[in-house]
Amino acid sequence: MPKYDRRGFLRLAGMAALAGWNGASPRALGKARVVVVGGGYGGATAARYLKLFEPALEVVLVERSKRYLSCPGSNEVLAGWHELDWLERSYDALAAKYGIRIVRAQASRINPALRTVDLADGSRLAYDRLIVSPGIAFRWDAIEGYDEAASARLPHAWQAGEQTLLLREQIRAMKDGGVVLITAPANPYRCPPGPYERASLIAHYLKQHKPKSKVVILDGKTAFSKQALFQQGWRSLYPGMIEWISAEHEGRLERVDAKTLTVHTEFNQHRADVINVIPPQKAGELATSAGLADASGWCPVHPASFESHLRPGIHVIGDACNATPMPKSAFSANSQAKICAAAVVDRLAGREPGPPSLINHCYSLLAPDYGISINGVYEYSDSDKQLVATGGGETPLEADKRQEARYAESWQRNIAADTFE
């Protein structure tokens, strides 16, 4: 596997973003305003690259939080390797170095006809182009007995923050010999390998502190990302501690009972000491209210520009968009943001965006010195009018997993720098 130092990462990611871009604008764009809603890996990258591609643009980033809490790395906090503030990402450099205007507010409404974004404080922002990166929302009605109130007892921990700490404390308080049950949803959802990395890092903690305990994964799928690599690692690192139960044997997850800590499937039921319910997901609420999401719950886009199929002039990137076959990951969001930023500059300059080339590379840690990864390259097919996978692969089973863990650590530093610095 190639080594991803910071310079190599930026060069590779930048090459993918620029593959279909035609260069600087032939006319002044200084009066054009692009508003970006959502300050995660998608939105913050888009704002930064808009200014890199066309410094004269007025770029406004709307984000309600003072600092972003990274979901990549949250499983390491869950395992006790770091504290929560390790996940914090600041917007200070985006404002100071690039002149991006940071508006700390909740976007409450988009009016495509007027080209405005209403904020919860009553103010309004006009835009020439809008990029929306709203992340995910949970389908609270998908599992009987599991709603936002139930998550206070059965945490999802699928958005970094208090839920991460809640699940960590429950695991720490569990008796030795206890069972941690993770329910993984059917595709698509944010970070496909995430539940299995989580199971691995929980097992790492249990092996050290509660060695009689185990982790059970109750899966809504019959197969999962990097399955052979994960199972190889589990046999080597945590023999007998992690049990994966396929939907083929259990059927659909039907309901949970927070009071009795019981999970019911079509064919069985399971009781555990700690239950981590990762619910089915959809695009963030703003995408739904703005009419950007279709019946699937996700936002259909033109992959050459990530412009909405449903609302022209609005672009949707990151977890909220349907960019099949790209997975919903931080790397995907970062890659999509660069293509989108270049396309927005092209649109404002009266040019047609060129064909995009995108990449995704996803690392998972099974222990501090044991890493695995999967990667993909995606091109636009003019005949199919969608992205197609043109390359990719996984860590070889015989690869140096210690080296892969070092690459994973480097990747976290690099993507944070490429997005927020």
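Read on for a plain summary of the structure. Model, not experiment: these values are computed from the prediction.

1. Regarding the overall build of the protein
Within the protein, the secondary structure is distributed over eleven helices and 25 strands. The C-alpha radius of gyration computed for the protein amounts to 21 Å, which stays within 12% of the reference 22 Å derived for 421 residues, consistent with globular compactness. Principal axes of the C-alpha set define a box for the protein whose edges measure 65 × 45 × 45 Å. For the protein, buried positions account for 59% of its 421 residues. For the protein, contacts bridging at least 24 residues in sequence account for 67% of all contacts bridging at least 6. Of the accessible surface of the protein, which amounts to about 17100 Å², a share of 49% is contributed by carbon and sulfur atoms. One finds the centroid of the 49 positive side-chain charges in the protein at a distance of 4 Å from the centroid of its 45 negative side-chain charges.

2. Comments concerning the pattern of salt bridges
Inspection of the entire model under this criterion finds 19 salt bridges. Residue aspartate 418 pairs with arginine 48 through a salt bridge whose shortest N-O separation is 3.3 Å. Of the two residues, aspartate 418 is situated in helix α11 (residues 401-420) and arginine 48 in helix α2 (residues 41-53); the sequence distance between them amounts to 370 residues. Neither aspartate 418 nor arginine 48 differs from the other in exposure class; each is buried. The partner of arginine 351 in a salt bridge is aspartate 346, and the shortest N-O contact between them spans 2.7 Å. A relative accessible area of 17% places arginine 351 in the buried class. For aspartate 346, a relative accessible area of 1% corresponds to the buried category.

3. A look at the sheet that holds strand β7 (residues 116-119)
Pairing is antiparallel in the open sheet, where three strands are placed in the order β6-β7-β8. Each edge of the open sheet is held by one strand with a lone partner, namely β6 (107-111) and β8 (124-126). Looking at each pair of strands side by side, their axes are set apart by 20° on average, direction ignored. Here β7 pairs with β8 via three bridges, running antiparallel. Looking at the pairing, aspartate 118 lines up with arginine 124 of β8.

4. Considerations on the nonpolar core
If you look at the biggest cluster of nonpolar residues, it comprises 110 residues, and the most contacted ones within it are Leu50 and Trp234. If one sorts the elements of this core by residue count, helix α10 (residues 330-348) sits on top with eleven residues. In this structure, Ile143, Tyr146, Leu253 and Ala272 belong to the second largest nonpolar core, which totals 17 residues.

5. Considerations on the side chain of threonine 262
Relative to the helices and strands, threonine 262 resides in strand β15 (residues 262-265). In terms of polar contacts, threonine 262 uses its side chain to reach the side chain of threonine 260, at 2.9 Å. Aside from chain neighbours lying at most four places away, what touches threonine 262 is Arg255, Val256, Asp257, Gln269, His270, Arg271 and Ile275.

6. Points about the packing of α10 against α11
Here α10 crosses α11 at 30°, and the two axes come no closer than 11 Å. Relative to α11, the element α10 is oriented roughly parallel. With respect to the hand of their crossing, α10 and α11 are arranged in left-handed fashion. Where α10 approaches α11, its residues Ala330, Phe331, Asn334 and Lys338 are matched on the opposing element by Trp411, Ile415, Asp418 and Thr419. Within the contact of α10 with α11, the residues separate by chemical class into four nonpolar, two polar and two charged.

7. Some words on the packing of aromatic side chains
Per the counting criterion, the structure on display carries 14 aromatic pairs. Geometrically, the ring pair formed by tyrosine 68 and phenylalanine 420 is stacked, given 5.9 Å between the ring centres and 25° between the ring planes. With a gap of 352 residues between them, tyrosine 68 in strand β3 (residues 67-69) and phenylalanine 420 in helix α11 connect regions that are remote in the sequence. Exposure class is identical for tyrosine 68 and phenylalanine 420. Each is buried. Note on phenylalanine 224 and tryptophan 244: the rings are 5.2 Å apart at their centroids and 65° apart in plane angle, and the pair reads as edge-to-face. In this pair, phenylalanine 224 is assigned in the loop between β12 (214-219) and α7 (227-237) and tryptophan 244 in strand β13 (residues 242-245), connecting sequence segments 20 residues apart. Its relative accessible area of 8% is what places phenylalanine 224 among the buried residues.

8. Side note on the packing of helix α6 (residues 194-209) against α7
Any two packed helices are characterised by how steeply their axes cross, that is the angle between the axes, and by the distance between the axes. Contact geometry of α6 with α7 gives a least axis separation of 11 Å together with a crossing angle of 5°. What the angle tells us is that α6 and α7 run roughly parallel. Side by side, α6 and α7 meet where Tyr196, Glu197, Ser200 and Lys207 of the first sit next to Phe230, Trp234 and Leu237 of the second. When its residues are assigned to classes, the contact of α6 with α7 shows four nonpolar, one polar and two charged.

9. A few points about unusual backbone geometry
The step from asparagine 187 to proline 188 runs through a cis peptide bond, and the omega angle for that step is 0°. For proline 188, the position within the fold is in the loop between β11 (179-184) and α6. For the bond from threonine 324 to proline 325, the omega torsion is 15°, close enough to zero to count as cis. Secondary-structure assignment places proline 325 in the loop between β22 (321-322) and α10. Even without being a glycine, cysteine 191 presents a positive backbone phi close to 60°. On the secondary structure map, cysteine 191 appears in the loop between β11 and α6. A residue is classified by how much of its surface remains accessible, and cysteine 191, at 27% relative accessible area, is partly exposed.

What counts, and where the lines are drawn
- Residues numbered from 1 in each chain as written.
- Predicted model: local features only at pLDDT ≥ 70, side-chain atom pairs only at ≥ 80, totals over all residues.
- Heavy atoms only, no water.
- Helix = DSSP H or I, 4+ residues; strand = E, 2+ residues; numbered from the N terminus.
- Rg over C-alpha atoms; globule rule 2.2 N^0.38 Å.
- Buried < 20%, exposed > 50% of the residue type's maximum accessible area, 1.4 Å probe, protein only.
- Contact = heavy atoms within 4.5 Å.
- Areas by Shrake-Rupley, 256 points an atom, 1.4 Å probe, with all protein chains shown as cover.
- Lys, Arg positive; Asp, Glu negative; His and termini not counted.
- Charge placed at Lys NZ, Arg CZ, Asp CG, Glu CD.
- Salt bridge = Lys/Arg side-chain N within 4 Å of Asp/Glu carboxyl O.
- Pairing = 2+ DSSP bridges.
- Axes fitted to C-alpha atoms, helices over the stretch in contact; angles between N-to-C directions.
- Core = buried A, V, L, I, M, F, W, Y, C linked by side-chain atoms within 4.5 Å.
- Polar contact = N/O pair within 3.5 Å; in protein donor to acceptor, adjacent residues only side chain to side chain.
- Parallel < 35°, antiparallel > 145°, perpendicular 65-115°, else oblique.
- Left-handed = near helix turned anticlockwise from the far one by under 90°.
- Nonpolar A, V, L, I, M, F, W, Y, C, P; charged D, E, K, R; others polar.
- Phe/Tyr/Trp six-rings, centres within 6.5 Å; stacked < 30°, edge-to-face > 60°.

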